[in-house]
Amino acid sequence: MTSTVVPIGAVRSALIEQWGRLRSLASQFDDDAWSRPSTLPGWSIGGIIAHIIGTESTLDGRPVPDIDVSDVVHVHNPIGELNERWLRHFASSARSQVLEAYDEIIGVRTATLNGMSQSDFDVEALTPAGPDTYGRFMRIRIFDCWIHDVDLCDSLTLDPPTQRAPANWAVAEVFASLPFVVGKRARAPQGTRVRVDVTGATTATAYIDVQQRASLVDDFGSSTPDLTLTVDAVELARLVGGRRSADPTSVGVEGDAELADRVIASLNYVI
């Protein structure tokens, strides 16, 4: 099993901060905004908040609503089906009721996280990325909540999120998938070195070295990368999420242009 160890204090704090950011955003929406379609197929603005409630409720051990969603055309996998069941569950609830449900589950989940230790974060768990640690799952939760923050802002033409800590951990989660994107999806040949520089809400650099398999490395030493991509953090979220608002042309390219096209086209890996 892959074992991703993340520091509980920093990850917990960033996730709680992101939950607060979503609640602050949601409190600004009136009934009209709440019911508007979002950039996500079939989801309203309120549906994004319902999705967060549903995921955290499932993590709290609450049963997923037994609702038939077989008629939803944009559902293609079990996780998507689970998400839609929660959205249907809250579809007839008033905005105030959904916000009350959000406050309740976030309060419960915050208390749960505050009661955990580093060893609790390091135990094996089944995550959306496969078997890993509970801490990795919480890093994925930061990414999921952060990208939905971007979705809300894009849907309502608001300024994108700028909170640095959630962006730091969301980008770290994206970096964990870049070897898969570069090596497997973009079919970068053995010996290829790809550098990805992230700017904006957070700054970070990923170095992907393709040998027998692609992997993240600390740096390339004195070697020059075959390809360097420069991308804004929020734009990276749109690209990996396959969002309609994504702009592939905004990615700066230095080096192998053909490989760059393949990598950028392969970034939309989020299920």
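The structure presented is a predicted model; accordingly, all values stated were derived computationally and were not measured.

## Here we look at helix H9 (residues 233-240)
- Across the eight residues of H9, eight count as buried, placing the element largely inside the fold.
- Listing the buried residues of H9 in full gives Ala233, Val234, Glu235, Leu236, Ala237, Arg238, Leu239 and Val240.
- You can read the cap of H9 off the contacts: a side-chain oxygen lies 3.0 Å from the backbone nitrogen of Val234, and it is on Asp232.
- Just past H9, the residue Gly242 takes up positive phi, approximately 60°.

## A look at unusual backbone geometry
- One non-glycine residue, Thr157, lies in the positive phi region at around 55°.
- Note that Thr157 resides in the loop between helix H7 (134-155) and helix H8 (164-185).
- The backbone phi angle of Arg187 is positive, close to 55°, even though this residue is not glycine.
- Along the polypeptide, Arg187 turns up in the loop between H8 and strand S3 (193-199).
- A relative accessible area of 55% means that Arg187 is categorised as exposed.

## A closer look at helix H5 (residues 95-114)
- Taking 1.5 Å of rise per residue, 20 residues should cover 28 Å, and H5 covers 28 Å from first to last C-alpha, within 8% of that figure.
- Taken as a whole, H5 has its buried residues at Val98, Leu99, Ala101, Tyr102, Ile105, Ile106, Arg109, Thr110 and Leu113. Each buried residue of H5 lies within a common arc of 160° when the element is viewed along its axis, so the set occupies one face.

## Focus: the sheet that holds strand S4 (residues 204-210)
- Pairing in this open sheet of five strands is mixed, and the strands run S5-S4-S3-S6-S7 from one edge to the other. Each of the sheet's edge strands pairs with one partner strand only, and the pair in question is strand S5 (214-217) and strand S7 (252-255). Averaged over all pairs of adjacent strands, the angle between strand axes in this sheet comes to 20°, irrespective of strand direction.
- Here strand S6 (residues 227-232) pairs with S7 via four bridges, running antiparallel. What sits directly across from Leu227, in S7, is Gly255.
- The sheet strands contacting H8 are S3, S4 and S5, and the helix crosses S4 at an angle near 25°.

## Let's talk about the packing of aromatic side chains
- Scanning all chains against the criterion turns up three aromatic pairs.
- A centroid spacing of 5.9 Å and a plane angle of 65° characterise the contact between Phe121 and Tyr134, whose relative ring orientation is edge-to-face. With a gap of 13 residues between them, Phe121 in helix H6 (residues 118-121) and Tyr134 in helix H7 connect regions that are remote in the sequence.
- Phe121 sits in the buried class, given a relative accessible area of 1%.
- On the accessibility criterion, Tyr134 (15% relative accessible area) is buried.
- Measuring from ring centre to ring centre gives 5.1 Å for Tyr207 and Phe220, while their planes differ by 85°; the resulting arrangement is edge-to-face. Of the two residues, Tyr207 is situated in strand S4 and Phe220 in the loop between S5 and S6; the sequence distance between them amounts to 13 residues. Each member of the pair, Tyr207 together with Phe220, is buried.

About the thresholds
- Residues numbered from 1 in each chain as written.
- Predicted model: local features only at pLDDT ≥ 70, side-chain atom pairs only at ≥ 80, totals over all residues.
- Heavy atoms only, no water.
- Buried < 20%, exposed > 50% of the residue type's maximum accessible area, 1.4 Å probe, protein only.
- Helix = DSSP H or I, 4+ residues; strand = E, 2+ residues; numbered from the N terminus.
- Polar contact = N/O pair within 3.5 Å; in protein donor to acceptor, adjacent residues only side chain to side chain.
- Expected span 1.5 Å × (residues − 1).
- Arc of directions from axis to C-beta.
- Pairing = 2+ DSSP bridges.
- Axes fitted to C-alpha atoms, helices over the stretch in contact; angles between N-to-C directions.
- Contact = heavy atoms within 4.5 Å.
- Phe/Tyr/Trp six-rings, centres within 6.5 Å; stacked < 30°, edge-to-face > 60°.

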